[in-house]
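# An overview of the molecular structure
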Amino acid sequence: MDHHSAPSSAGSSSRHDLRAAPRRTVSLPAHLRDAEQSRFDLEMTDVSAVGFRATTPFALEPEAAVWLTLPGLAPIEAKVTRRQAGQYACVFTRPLHPRVLEHLVAMGR
């Protein structure tokens with residue numbers, strides 16, 4: 001699927017901009033891969049065009065590059081921005097296309 005977005009890096013957005021994006025509550029099992037190709041199971045709890053929150057018992061370091069893997073979609077690159085007691089916030093490298101976001105929300109109902 002197309003991940004069309006304006007050219008910008010995730011690091012150029014302020015935390016306020018990221019938090020201002022409308023979040024959609026989901027319950028979606030997914031996987032993350034890190035730069036070492038380790039695979040982590042997680043439960044996505046919300047998603048927006050610019051990022052997602054998830055829970056996992058695996059330790060992921062803030063600022064780590066990760067790739068979100070969901071059935072039927074190409075891996076989506078993101079960066080861990082925050083962790084707290086097994087809960088993580090991640091920002092996508094490029095914002096999701098609205099149709100991809102709607103697809104994820106539909107999958108997570």
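For the structure itself, consult the block above.
Summarised in this report is the structure supplied together with it. In this text the structure is predicted, and so the values were computed from the model without any measurement.

Along helix H2 (residues 98-107), the positions that sit buried rather than exposed are Val100, Leu101, Leu104 and Val105. Burial along H2 is one-sided: seen end-on, the buried residues are contained in an arc of 140°. Turned more than 90 degrees from where H2 packs its buried face, Pro98 and Arg99 sit exposed. Next to the buried residues of H2 lie strand E1 (24-34) and strand E2 (39-47).

Along the chain, the position of His97 falls in the loop between strand E6 (87-92) and H2. Within the structure, the side chain of His97 is placed 3.0 Å from the backbone nitrogen of Arg99, a separation counted as a polar contact.

Reading the values: rules and limits
Residues numbered from 1 in each chain as written. Predicted model: local features only at pLDDT ≥ 70, side-chain atom pairs only at ≥ 80, totals over all residues. Heavy atoms only, no water. Buried < 20%, exposed > 50% of the residue type's maximum accessible area, 1.4 Å probe, protein only. Helix = DSSP H or I, 4+ residues; strand = E, 2+ residues; numbered from the N terminus. Arc of directions from axis to C-beta. Contact = heavy atoms within 4.5 Å. Polar contact = N/O pair within 3.5 Å; in protein donor to acceptor, adjacent residues only side chain to side chain.

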